[in-house]
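# Descriptive structure summary
Each chain is listed here by its residues.
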Amino acid sequence: MESPIETLASRGWKWFVIVGALVSLAGLGAITLPVFAGMAVTTLVGALFLFSGLVQGYHTFRIHQWSVKLWYVFSAIIYILGGLFILFEPLSGLITLTMLMVVIMIFNGVTRVIFGIANRKIDGASWIVFSGILSIILGVYFFSLLGNPEISTSLLGIFIGVSLLMEGISFVFMGFQLRRAASV
């Protein structure tokens with residue numbers, strides 16, 4: 001009788017390859033049409049904000065303590081307004097999300113540098129610091145380009161495309177590794 005891992009390796013490897021190929025194709029599509037991909041993600045984020053705000057607003061009717069209810073109402077209003085802003089002004093929402101992504105990239109780089117320096121004795125800490133410095137440099141560079149409308153409207157879609165492409169490629173490699181493990 002096969003173990004679950006052996007079953008996954010012998011039968012599931014094909015699905016990893018198929019999903020990886022589809023995700024890679026989606027990534028190439030996003031890289032090819034970055035503004036469309038960015039607008040699609042922006043619209044999805046706006047819809048999720050609106051939905052979250054409506055759910056929180058509905059939830060406030062079940063809360064009886066006013067101090068708690070006030071925070072839920074305030075949060076619901078912010079989510080609803082943010083969702084409506086993004087849905088009715090998708091280009092502004094796209095640029096806002098792109099700017100937020102770049103700021104998070106810089107912040108992530110700073111935290112990796114701090115973590116790597118604080119944990120110098122760990123093997124590979126220098127690589128963590130290096131990747132943090134690289135994120136900071138790229139983030140500052142991208143931030144300086146946000147004034148250019150062509151770049152600020154394309155950057156989010158390109159990031160999404162590259163991320164999907166890398167994820168898809170890793171799934172394909174994982175599938176072939178599973179196949180090789182199953183044949184051993």
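Residues numbered from 1 in each chain as written. Predicted model: local features only at pLDDT ≥ 70, side-chain atom pairs only at ≥ 80, totals over all residues. Heavy atoms only, no water.

Turning our eyes to something else, we now look at the packing of aromatic side chains. Evaluated as defined, the whole model comprises seven aromatic pairs. The interplanar angle of 35° and the centroid separation of 6.2 Å between the aromatic rings of tryptophan 13 and phenylalanine 176 together place this pair among those described as tilted. Taken together, the residues tryptophan 13 in helix α1 (residues 4-32) and phenylalanine 176 in helix α6 (residues 149-183) connect sequence positions 163 residues apart. Relative accessible area serves as the criterion here: at 16%, tryptophan 13 is assigned to the buried category. Seen in terms of ring centroids, phenylalanine 142 and phenylalanine 159 are 5.2 Å apart; in terms of plane orientation they differ by 85°. Their pairing is edge-to-face. Placement of the pair is phenylalanine 142 in helix α5 (residues 125-145) and phenylalanine 159 in helix α6, with a sequence separation of 17 residues. By relative accessible area, which is 14% here, phenylalanine 142 ends up buried. The exposure class of phenylalanine 159 is partly exposed, given its relative accessible area of 22%. Lying across the ring of tryptophan 66, lysine 69 places its NZ or CZ 5.1 Å from the centre. Directly above the aromatic system of tryptophan 13 lies the positively charged group of arginine 179, at a separation of 5.0 Å from the ring centroid. (Phe/Tyr/Trp six-rings, centres within 6.5 Å; stacked < 30°, edge-to-face > 60°. Helix = DSSP H or I, 4+ residues; strand = E, 2+ residues; numbered from the N terminus. Buried < 20%, exposed > 50% of the residue type's maximum accessible area, 1.4 Å probe, protein only. Lys NZ or Arg CZ within 6 Å of the ring centre and 35° of its normal.)

Before going further, it helps to spend a moment on helix α3 (residues 66-88). Helix length check: α3 (23 residues) gives 32 Å between terminal C-alpha atoms against 33 Å at 1.5 Å per residue, within 8%. Of the residues making up α3, those classed as buried are Lys69, Ala76, Gly82, Gly83 and Ile86. (Expected span 1.5 Å × (residues − 1).)

Let's shift gears to the nonpolar core. One finds Val102, Met105, Phe142, Leu146 and Leu155 forming the largest nonpolar core, which totals five residues. Those residues in contact with methionine 105 that lie beyond four places of it in its chain are Ser135, Leu138, Gly139, Phe142 and Phe159. (Core = buried A, V, L, I, M, F, W, Y, C linked by side-chain atoms within 4.5 Å. Contact = heavy atoms within 4.5 Å.)

This part is about the side chain of serine 152. Relative to the helices and strands, serine 152 resides in helix α6. Its relative accessible area of 2% is what places serine 152 among the buried residues.

α3 packs onto helix α2 (residues 34-59) with a crossing angle of 155° between their chain directions and a minimal axis gap of 7 Å. The angle between α2 and α3 places the two elements in the roughly antiparallel class. The handedness of the crossing between α2 and α3 is left-handed. Counted by class, the contact of α2 with α3 contains twelve nonpolar, eleven polar and no charged residues. (Axes fitted to C-alpha atoms, helices over the stretch in contact; angles between N-to-C directions. Parallel < 35°, antiparallel > 145°, perpendicular 65-115°, else oblique. Left-handed = near helix turned anticlockwise from the far one by under 90°. Nonpolar A, V, L, I, M, F, W, Y, C, P; charged D, E, K, R; others polar.)

Here we take up α5. Counted at 1.5 Å a residue, the expected span for α5 with its 21 residues is 30 Å, and the 30 Å between its end C-alpha atoms agrees. Residues of α5 that are buried in the fold lie against α4 (90-118) and α6.

Within the UniProt annotation, "transmembrane region" (unreviewed entry) is assigned to residues 12-31, 37-58, 70-88, 94-115, 127-147 and 153-176. Note that residues 37-58 is 100% helix and 0% strand, and that its end C-alpha atoms are spaced 32 Å apart. (UniProt positions renumbered as here; feature names shortened; annotations may be inferred.)

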